[in-house]
Amino acid sequence: MNTYSLPSALAEIVDDFQALTEPERLQLLLDFSRDLPELPERLKDHPELLEQVVECQSPLFLTIETEKNDAGSPDSVRLYFKAPPEAPTTRGFAGVLHEGLDGLTATEILAIPDDMPELLGLTRAITPLRMRGMTAMLGRIKRKVAATARLQS
């Protein structure tokens, strides 16, 4: 798969990872970990609104919301993650997905290939269990987006 089939923000992230050596890729993943936005206040005190991705080694919770756009425009999907600071790999994966997917339409998110995390070039640097965690995050996002889209139609 090439990055041409990915939305532009995600394609740019993948290109950035692919341009680096393995140690540099790990550093970039840590940068994404530090850049993961905090939960908005309305979600901080309501853990029941977040869904745990149990496939992740570290506790990671996420939810999505759709924003209504002007008439005729598709709704955009907003992503929210909660991951502990002591889990930089998990936070980094969440940061990549947040930066690459937040604000896209449901159709754009659902079109992302399930194996997209492998394009980051981390399969030798990160344990297979952690890579499955990122794949599970993407899968959970896509399932939630698909379910929301079904409810809205």
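This section reports on the structure supplied with the text. (Residues numbered from 1 in each chain as written. Predicted model: local features only at pLDDT ≥ 70, side-chain atom pairs only at ≥ 80, totals over all residues. Heavy atoms only, no water.)

## A short note on the overall build of the protein chain
- Of regular secondary structure, the protein chain possesses six helices and three strands.
- For the protein chain, the N- to C-terminal ordering of α and β elements is α-α-α-β-β-β-α-α-α.
- Considering the protein chain as a whole, with its 153 residues, one finds that 46% of them fall into the buried category.
- When contacts within the protein chain are restricted to residue pairs at least 6 apart in sequence, those whose partners lie at least 24 apart make up 64%.
- For the protein chain, the computed accessible surface area is about 8200 Å², with 51% contributed by carbon and sulfur atoms. (Helix = DSSP H or I, 4+ residues; strand = E, 2+ residues; numbered from the N terminus. Buried < 20%, exposed > 50% of the residue type's maximum accessible area, 1.4 Å probe, protein only. Contact = heavy atoms within 4.5 Å. Areas by Shrake-Rupley, 256 points an atom, 1.4 Å probe, with all protein chains shown as cover.)

## Details of the sheet that holds strand β3 (residues 76–82)
- Taken in spatial order, the three strands make up an open sheet running β1-β2-β3, and their pairing is antiparallel. Edge positions in the sheet fall to β1 (51–52) and β3, since each has one partner strand and no second.
- In this sheet, strand β2 (residues 61–67) lies alongside β1 in antiparallel orientation, the contact comprising two bridges. By the bridge assignment for β2, Q52 is matched with F61. (Pairing = 2+ DSSP bridges.)

## Considerations on the packing of helix α1 (residues 8–18) against helix α4 (residues 88–101)
- The N-to-C vectors of α1 and α4 enclose an angle of 140 degrees; their axes lie 7 Å apart at closest approach. Comparing their axes, α4 and α1 come out oblique. The two elements α1 and α4 cross, and the hand of that crossing is right-handed. Across the interface between the two elements, A9, L10, I13 and F17 from α1 touch V96, E99, G100 and L101 from α4. (Axes fitted to C-alpha atoms, helices over the stretch in contact; angles between N-to-C directions. Parallel < 35°, antiparallel > 145°, perpendicular 65-115°, else oblique. Left-handed = near helix turned anticlockwise from the far one by under 90°.)

## A closer look at the pattern of salt bridges
- Applying the stated rule across the entire model yields 10 salt bridges.
- Of the charged contacts in the structure, one is a salt bridge between E65 and R42, with a shortest N-O distance of 2.7 Å. Of this pair, E65 sits in strand β2 while R42 sits in helix α3 (residues 41–44); the two residues are 23 residues apart in sequence, bridging distant segments of the chain.
- Looking at E65, the relative accessible area reads 26%, which means it is partly exposed.
- The class of R42 is partly exposed, set by a relative accessible area of 44%.
- Across the salt bridge formed by K142 and D114, the nearest N and O atoms sit 2.6 Å from each other. Here K142, found in helix α6 (residues 128–152), pairs with D114, found in the loop between α5 (106–110) and α6; they are 28 residues apart in sequence, far enough to count as distant.
- On the basis of relative accessible area, K142 is assigned to the buried category, the value being 12%.
- The network of salt bridges with shared partners includes E51, E55, R140 and K144. (Salt bridge = Lys/Arg side-chain N within 4 Å of Asp/Glu carboxyl O.)

## As for the packing of helix α2 (residues 22–35) against α4
- Two numbers describe how α2 lies on α4: the axes approach to 7 Å, and their chain directions differ by 75 degrees. Classified by the angle their axes make, α2 and α4 are roughly perpendicular. Residue-level inspection shows L29, L30, F32 and S33 of α2 in contact with α4, the latter providing P88, T89, R91, G92, F93, G95, V96 and E99.
- Split by residue class, the contact of α2 with α4 holds six nonpolar, four polar and two charged. (Nonpolar A, V, L, I, M, F, W, Y, C, P; charged D, E, K, R; others polar.)

## Some remarks on empty space enclosed by the protein
- Counted under the stated rule, the structure contains one cavity of 30 Å³ or more.
- Empty space within the largest cavity amounts to approximately 40 Å³.
- What lines the largest cavity is simply C56, Q57, T89, T90, F93, L129, R130, G133, M134 and M137.
- When residues of the lining of the largest cavity are traced back to their parent elements, those giving at least two are α4 and α6.
- Examining the composition of the lining of the largest cavity, we find that five residues originate from one element, α6, more than from any other.
- Partitioned by chemical class, the residues of the lining of the largest cavity number five nonpolar, four polar and one charged. (1 Å grid on protein atoms, 1.4 Å probe; cavity = no way out; pocket = protein on both sides within 12 Å on 5 of 7 lines; lining within 4 Å. Points joined across faces, edges and corners; volume = space filled by probe spheres on them.)

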